[in-house]
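Listed here are the chains, written in short residue letters.
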Amino acid sequence: MEEASRSDEPNRNPNTDRSSNPNPLSSIISSAHVWPTIDGPLGLTEEASVDYARRFYKFGFALLPWLWAVNCFYFWPVLRHSRAFPQIRNYVVRSAVGFSVFTTLLLAWALTFSIGGEQLFGPVWDKLVMYNVADRLGLSGLA
């Protein structure tokens, strides 16, 4: 008898009530639409976004690696939300990796020449630098 009366009582423990949401803000955020581009609803459709992401990625190999940075910036919501837009994310993540590698190589090259200079390269330095090309070719009139 005592068991039957317990089952008839409503559950008074608020922690076991799964229907109420203790944080209404999380439901608002989770129900918000995720757009593939940074300009939200004013931007491209998902189909056009895949095309643009693919173009930016491929043209980055044509010695335009700054397009990889543009790709990462323009499709930033795709990078932030790992499960949204898997077709676009493939190109954007590869663009991020490509731009990181390009930036690392460019910085290594620039720092090698600016810090090392003639002390690092020795007599080959005059053939590597470009500021004395006119003198080498006799175009400056100073020779």
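Basis of the calculations
- Residues numbered from 1 in each chain as written.
- Predicted model: local features only at pLDDT ≥ 70, side-chain atom pairs only at ≥ 80, totals over all residues.
- Heavy atoms only, no water.
- UniProt positions renumbered as here; feature names shortened; annotations may be inferred.
- Helix = DSSP H or I, 4+ residues; strand = E, 2+ residues; numbered from the N terminus.
- Buried < 20%, exposed > 50% of the residue type's maximum accessible area, 1.4 Å probe, protein only.
- Contact = heavy atoms within 4.5 Å.
- Areas by Shrake-Rupley, 256 points an atom, 1.4 Å probe, with all protein chains shown as cover.
- pLDDT = per-residue confidence, 0-100.
- Patch = residues over 30% accessible without salt bridge, like charges linked within 9 Å, V, L, I, M, F, W, Y side chains within 5 Å.
- Salt bridge = Lys/Arg side-chain N within 4 Å of Asp/Glu carboxyl O.
- Expected span 1.5 Å × (residues − 1).
- Arc of directions from axis to C-beta.
- Core = buried A, V, L, I, M, F, W, Y, C linked by side-chain atoms within 4.5 Å.

Where an unreviewed UniProt entry is consulted, the protein chain appears under the name Gamma-secretase subunit PEN-2, with the organism given as Brassica cretica. Database annotation for the protein chain, UniProt heading Subcellular location (unreviewed entry): "Membrane". Turning to the protein chain, the UniProt record has this under Sequence similarities (unreviewed entry): "Belongs to the PEN-2 family."

Our next topic: the overall build of the protein chain. Helices and strands together make up the secondary structure of the protein chain, namely eight helices and zero strands. In the protein chain, the order of α-helices and β-strands from amino to carboxyl end is α-α-α-α-α-α-α-α. Burial analysis of the protein chain (143 residues in total) assigns 20% to the buried set. Of the contacts made within the protein chain by residues no fewer than 6 positions apart, 46% connect residues no fewer than 24 positions apart. For the protein chain, the exposed surface amounts to about 11,100 Å²; the carbon and sulfur share of it is 63%.

Turning our attention to the confidence of the model for the protein chain. Atom-level detail of predicted coordinates should not be read off regions where pLDDT is low. Averaged over all residues, the pLDDT of the protein chain is 77; the fraction at 70 or higher stands at 76%. Mean pLDDT in the protein chain bottoms out at helix H2 (residues 24-31), which sits at 44, and peaks at helix H4 (residues 66-74), which reaches 92. When the criterion is pLDDT under 50, residues 23-31 qualifies, and its contacts beyond four places in sequence or with other chains add up to two contacts.

Taken together, the side chains of Val93, Val97, Val101 and Leu105 make up a nonpolar region of the molecular surface, amounting to roughly 330 Å² of accessible area. Here Leu105 shows up in helix H6 (residues 86-121). Owing to a relative accessible area of 57%, Leu105 belongs among the exposed residues under this scheme.

Let us look at helix H3 (residues 46-60). When the terminal C-alpha atoms of H3 are compared, their 21 Å separation across 15 residues agrees well with the 21 Å that a helix rising 1.5 Å per residue should span. For H3, every residue scored as buried is listed here: Ser49, Val50, Ala53, Phe56, Tyr57 and Gly60. Within H3, the buried residues cover an arc of 135° as seen down the axis, which keeps them to one side. Facing away from the buried side of H3 by over 90 degrees, the exposed positions are Glu47 and Lys58. The elements touched by buried residues of H3 are H4 and H6.

On to the nonpolar core. If you look at the biggest cluster of nonpolar residues, it comprises 13 residues, and the most contacted ones within it are Ala53, Phe75, Val78, Phe85, Ile88 and Val92. Put simply, the parts of the chain that give this core at least two residues each are H3, H4 and H6. Considering every element that reaches this core, the biggest residue donor is H3, with four residues.

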